[in-house]
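Report on the structure
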Amino acid sequence: MKIAVVTESSADLSAQAVKDYQITVVNDPIMFGNHVYHENVDITTDQFYRLLKVEKEIPTISQISMPEMQLVFDQLKAAGYDQILVIGLSSGISGWINNLKTYAPSVDGVEVQVFDSRTACAGTANMVKLAAAMALANYSMADILTQLTRLRAATTTVLIVNSMRHLVKNGRIYNNSSLAGTMVLRNKPIISLNEHGKIQLMGKERTLKNAQQAVQDEFEQFVVTSQLPVRLDVISANDEQIAEDWASELRYQFPAVRVKTGTIGPVLGVLTGDHALGMIWSLDWKPLLTALNQENQGD
């Protein structure tokens, strides 16, 4: 069976990764007022954050339509694919993945499986690359979904934001009752995605440095308890230098961890606002795949 892997532009995959792993990417829409922009089509990440500073209205997340997805499915079917695996942004952030699960059984001539990453940005990207690499190595859909579930269970997403305004405006904060004082005090809210992929307030610190240390302490616990190689992605919204500096410190403190940097693109940026900073940690998907290949060769 020939398996195609599809994801959204919010995963922020590099052009090289898309080419190397033969991934199909659909471009997410966002809205400023009544104006719809599509990532990588008529708005770049830099343009989004510039607009964020000048527009009076807080932007909102829109969704890729099912007719658009049907066109993608038709193209992949025509290209000879028997099965399609769609890996999407957390259903706790966007309703698209659940809409797609409802729509998938109606697609004719090709089997469509939908997987909720329950994370965003690099977290979703890591799952997409694992799935695409396994598809190219002729693993079955069942095997791919098993490994994706394993990787998802070992993925943690934590973000430091300047304000909760964007999250509250978009109705994407799970534990609203914890917001007391966070909206008015000058502090750094720390948010995370829970096991269901919903955004919740994890805590708050008076300074960015303190917030970074609090997140780093959580990460250290994962590293200490993990028996497998770990990957860490440091992501930022319009603050690349701070992310690079933090990543350099983390590489020094955790030399066994593969540390990468990435961006918070327009879709997640709608919720975080600018100058957000975050860490996404998980098992490293590359050694995970290598170990799986070795197990199969030993059978």
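Description of the structure in this document. These numbers were taken from a predicted model, which means no experiment stands behind them.

Comments concerning the nonpolar core
Within the largest apolar cluster, 49 residues are counted, with the highest numbers of intra-cluster contacts made by Ile87, Ile144, Leu148, Leu232, Val234 and Met279. Excluding residues that lie within four positions of it along the chain, Ile144 makes contacts with Ile3, Leu85, Ala131, Met134, Ala135 and Tyr139. Within the second largest apolar cluster, 32 residues are counted, among which are Tyr37, Leu51, Leu89 and Leu201.

Some points on the sheet that holds strand 1 (residues 3-8)
Here four strands make up an open sheet; going across it, the order is 2-1-6-7 and the pairing parallel. Looking at strand neighbours, the two that pair on one side only are strand 2 (23-26) and strand 7 (111-116), the edges of this open sheet. For this sheet, the mean inter-axis angle between neighbouring strands, taken without regard to orientation, is 25°. One ladder, built from six bridges, connects strand 6 (residues 83-88) with strand 7; its direction is parallel. Bridge pairing in strand 7 links Ile84 to Val112.

Some points on unusual backbone geometry
Phi is positive for Asn40, which is not a glycine, with a value near 65°. Relative to the helices and strands, Asn40 resides in the loop between strand 4 (35-38) and helix 2 (45-54). Residues other than glycine seldom take positive phi values, yet His275 does so here, at roughly 65°. With respect to the helices and strands, His275 occurs in the loop between helix 10 (266-272) and strand 13 (277-283).

Thoughts on helix 9 (residues 240-253)
For helix 9, built from 14 residues, the straight-helix expectation of 20 Å at 1.5 Å per residue is met to within 8% by its first-to-last C-alpha distance of 20 Å. Burial in helix 9 covers these residues: Ala243, Trp246, Ala247 and Leu250. Viewed along the axis of helix 9, the buried residues span an arc of 105°, placing them on a single side of the element. Turned more than 90 degrees away from the buried face of helix 9, the exposed residues are Gln241 and Tyr252. Contacts made by the buried residues of helix 9 are with strand 8 (156-160), helix 8 (208-225), strand 11 (230-236), strand 12 (258-263) and strand 13.

Structural notes on the packing of helix 5 (residues 121-136) against helix 6 (residues 141-153)
Relative orientation and spacing of two packed helices are given, respectively, by the angle between their axes and the distance between those axes. Where helix 5 contacts helix 6, the two axes come as close as 10 Å, and the packing angle between them is 155°. Taken together, the axes of helix 5 and helix 6 lie roughly antiparallel to each other. Crossing of helix 5 against helix 6: the hand is right-handed. Contacts between helix 5 and helix 6 pair Asn126, Met127, Leu130, Ala131, Met134 and Ala135 from the former with Asp143, Ile144, Gln147, Leu148, Leu151 and Arg152 from the latter. In the contact of helix 5 with helix 6, the residues fall into eight nonpolar, two polar and two charged.

Side note on the packing of aromatic side chains
Counted by the stated rule, this structure contains six aromatic pairs. Cluster of aromatic residues (ring-pair linked, three or more members): Phe32, Tyr37, Phe48 and Tyr49. Over the ring of Tyr81 we find Lys2, and its NZ or CZ is 4.5 Å from the ring centre.

Cut-offs used in this document
- Residues numbered from 1 in each chain as written.
- Predicted model: local features only at pLDDT ≥ 70, side-chain atom pairs only at ≥ 80, totals over all residues.
- Heavy atoms only, no water.
- Core = buried A, V, L, I, M, F, W, Y, C linked by side-chain atoms within 4.5 Å.
- Buried < 20%, exposed > 50% of the residue type's maximum accessible area, 1.4 Å probe, protein only.
- Contact = heavy atoms within 4.5 Å.
- Pairing = 2+ DSSP bridges.
- Helix = DSSP H or I, 4+ residues; strand = E, 2+ residues; numbered from the N terminus.
- Axes fitted to C-alpha atoms, helices over the stretch in contact; angles between N-to-C directions.
- Expected span 1.5 Å × (residues − 1).
- Arc of directions from axis to C-beta.
- Parallel < 35°, antiparallel > 145°, perpendicular 65-115°, else oblique.
- Left-handed = near helix turned anticlockwise from the far one by under 90°.
- Nonpolar A, V, L, I, M, F, W, Y, C, P; charged D, E, K, R; others polar.
- Phe/Tyr/Trp six-rings, centres within 6.5 Å; stacked < 30°, edge-to-face > 60°.
- Lys NZ or Arg CZ within 6 Å of the ring centre and 35° of its normal.

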